Every structure is written in structure tokens, then in C-alpha cells.
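# Coordinates in review
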Amino acid sequence: MYHSFQFGDSIQSVIDQNYLFFFGDLNFRVENLDIFHVKDLIDRKEFKLLQEHDQLQKSINKEKCFSLFKEDTINFPPTYKFILNTDDYDLSKKNRVPSYCDRVLFKIPRDDFFCRPLKYNHIPCLKQSDHRPVYASFEIRTILLQINDAAVYFFNINANNDQNLEINYQVKNSFNTHLRDWIAIYDENFKSIDDYITYKWAPRIEELENSFEQCYEKRPKRIFCRRIVIDQSYIKSGNYTIGYFSYNYKSLVGMSSILQINLT
């Protein structure tokens, strides 16, 4: 499961997704501490000291497992092992040291993908299990697909056997472009911003101010349009969509309708 899964006819690696959350009873324990010493640290809320003996954090630091993942700060007591329907840890002769078995980990592919932890805590009132459940919430940026008041609107996309794919689009002048904005071709069933077939850097808004003559029809004021050409050798017959990626927003701010290309 960790290594690969199937979307339709394509097999993708789990680790390659834009945002990845891994959570559950991972069964890592607090080690090298006496069970009663651990209980004393819990009573004194010395959670940071407990985590210095946590097997998962040690494994991550040594890159033995989950080395690409992060975890928010733990400010709650160990979630295992409790006596059912009580607030008491099981300190019986089985010697199960109270531990942080239940975890929420997250991964982003690079720093320009935004993922901010908001909450990470346990739920002490749910006592039906020998574990206490944990939860986490995050703020992330997601793909903006076809919004009603899009910053970028595509029109007049042309393709045939004799020329490159020609893409015409308009950009609202109020939209803040960046020299690292780009326009990409995607398969109609794409799952990620990074799934583009090919892309081309988009001109900044300053470069569009004299481009009215390139439009096929009249446009409202403060909206510009631009024609770009992408080499058709990257694509084959099929259904595609065109997306405009904004570097400032780290998301797609304009998407075309599905485009059918027939090449012979």
C-alpha cells in the first residue's frame, strides 16, 4: 500500500502525491524508561521528555522509516494502553509502557506546497478501547478547478496535423501574474498539478498590454489575451484540458473545457 496503487489504468506511487497523510495505530513505543517513571512523567506533563524516548521519532531521525514525513508537536499524553472504560493506564505485570502508538504524519513534496498543522490532540472522553483516538487538522492549498470568476479564461484552442497546438487565453488585468507562471497540457483524468504532459512559461501581464490585436473577438476592459504555441509532438489523439498555474497562488487559476484532439 505504501509503495503503489492504481488509478484507472495507471499505477502511481503513493509517495509521489502532492499531499500525503499517514495515520493510525503505528504501534511505536516509548523505550528505555521504566513503566513507573513514564507514569510519573505523564502526571507531570513532561511530554517532551517522553518523546525523546519515542521509537517513531528515533526512527525518523535515523531515516529508518517515514523519513520524508513530518509530525506536529505532541502536547498530549500517551494514548496506549488504558484499562477499558477508565482513565487509568494498564500498569499490570504485562509491562506495557504507556506509549504514543496512535499518530498522524504528513508529507509534502517540496516547500512551496503549503501545509500548516492547525490541531493535533487526543480525545480522552472516548474510553471504549484501550487506545485513545487522536485527530489532526491542517490548512492546505488545493487545485482550483474551473471557477466562475476565473483569473484566466481559455478560448480558441486549435490543433491539427500540420501545426503546433495553438492556445489562446485571456488574463484579467487585476490578476497578479509572475514570471514563473506556466500553461500546461493535462490528460482529462489528471490527478495532480504535476501530472502535466508538457508546459510553457506564460508571459507576465506587462507583456500582454499590447496584445489586443491578437484576440479574435472584443474583450471587456482590463482583460488581455495572448496566443501561445506548444509543440504538438508531445501529445497524441485523445482528450485533454489546458491549465494555467499561478506561482503566487501555487494552484491552477484557470482551466479549459475538455479538448478532443484527433491526429492521424
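Residues numbered from 1 in each chain as written. Predicted model: local features only at pLDDT ≥ 70, side-chain atom pairs only at ≥ 80, totals over all residues. Heavy atoms only, no water.

Here we take up a nonpolar patch on the surface. Taken together, the side chains of Phe-21, Phe-23 and Ile-140 define a hydrophobic patch exposed on the protein surface, amounting to about 280 Å² of accessible area. Here Ile-140 lies in strand β6 (residues 134-140). Assessed through its relative accessible area of 33%, Ile-140 is described here as partly exposed. (Patch = residues over 30% accessible without salt bridge, like charges linked within 9 Å, V, L, I, M, F, W, Y side chains within 5 Å. Areas by Shrake-Rupley, 256 points an atom, 1.4 Å probe, with all protein chains shown as cover. Salt bridge = Lys/Arg side-chain N within 4 Å of Asp/Glu carboxyl O. Helix = DSSP H or I, 4+ residues; strand = E, 2+ residues; numbered from the N terminus. Buried < 20%, exposed > 50% of the residue type's maximum accessible area, 1.4 Å probe, protein only.)

Right, let's get into the pairing of strand β9 (residues 182-187). Judged by how many residues are buried, β9 sits mostly within the fold: five of six residues are covered. Relative to strand β10 (residues 198-201), β9 runs antiparallel, the two sharing four bridges. Counted as the bridge partner of Trp-182 is Trp-201 from β10. In the sheet, β9 pairs with strand β12 (residues 238-246) via six bridges, with the strands oriented antiparallel. Note that in β12 the partner of Asp-187 across the bridge is Tyr-240. (Pairing = 2+ DSSP bridges.)

Counting across every chain of the model gives ten salt bridges. With its nearest N and O atoms 2.9 Å apart, the salt bridge here joins Asp-40 to Arg-44. Note on Arg-44: relative accessible area 44%, which makes it partly exposed. With its nearest N and O atoms 2.8 Å apart, the salt bridge here joins Glu-71 to Arg-103. A residue pair is termed long-range when its members are at least 10 positions apart, and Glu-71 in the loop between α3 (55-61) and β4 (102-107) and Arg-103 in strand β4 qualify at 32 residues. A relative accessible area of 17% places Glu-71 in the buried class. One salt-bridge network, held together by shared partners, links Asp-40, Arg-44 and Glu-46.

Here we come to helix α1 (residues 35-43). Restricting attention to buried positions, one finds in α1 the residues Ile-35, Val-38, Leu-41 and Ile-42. Looking straight down α1, one finds its buried side chains confined to an arc of 120 degrees; they lie on one side. Looking at α1, the residues exposed on the side facing more than 90 degrees away from the buried face are Phe-36 and Asp-43. Packed against the buried residues of α1 are α2 (47-51). Near the N-terminus of α1, the side chain that reaches the backbone nitrogen of Phe-36, with its oxygen 2.8 Å away, is that of Asp-34. In the stretch just after α1, Lys-45 is the one whose phi turns positive, near 55 degrees. (Arc of directions from axis to C-beta. Contact = heavy atoms within 4.5 Å. Polar contact = N/O pair within 3.5 Å; in protein donor to acceptor, adjacent residues only side chain to side chain.)

A few words now on the packing of aromatic side chains. In the structure shown here, the tally under the stated rule is 19 aromatic pairs. Aromatic pair Phe-22 and Phe-66: ring centres 5.0 Å apart, planes at 65 degrees, arrangement edge-to-face. Here the residue Phe-22 occupies a position in strand β3 (residues 20-25), and Phe-66 occupies one in the loop between α3 and β4, the gap between them amounting to 44 residues. Aromatic pair Phe-82 and Tyr-89: ring centres 4.3 Å apart, planes at 25 degrees, arrangement stacked. For Phe-82, a relative accessible area of 7% translates into the label buried. Given a relative accessible area of 9%, Tyr-89 falls into the buried group. Ring pairs connect the aromatic residues Phe-154, Tyr-169, Phe-175, Tyr-244 and Tyr-249, which therefore count as one cluster. Between the NZ or CZ atom of Arg-132 and the centre of the ring of Phe-82, over which it lies, the distance is 3.9 Å. One Lys or Arg, Lys-250, reaches over the ring of Tyr-247 and ends 3.9 Å from the middle of that ring. (Phe/Tyr/Trp six-rings, centres within 6.5 Å; stacked < 30°, edge-to-face > 60°. Lys NZ or Arg CZ within 6 Å of the ring centre and 35° of its normal.)

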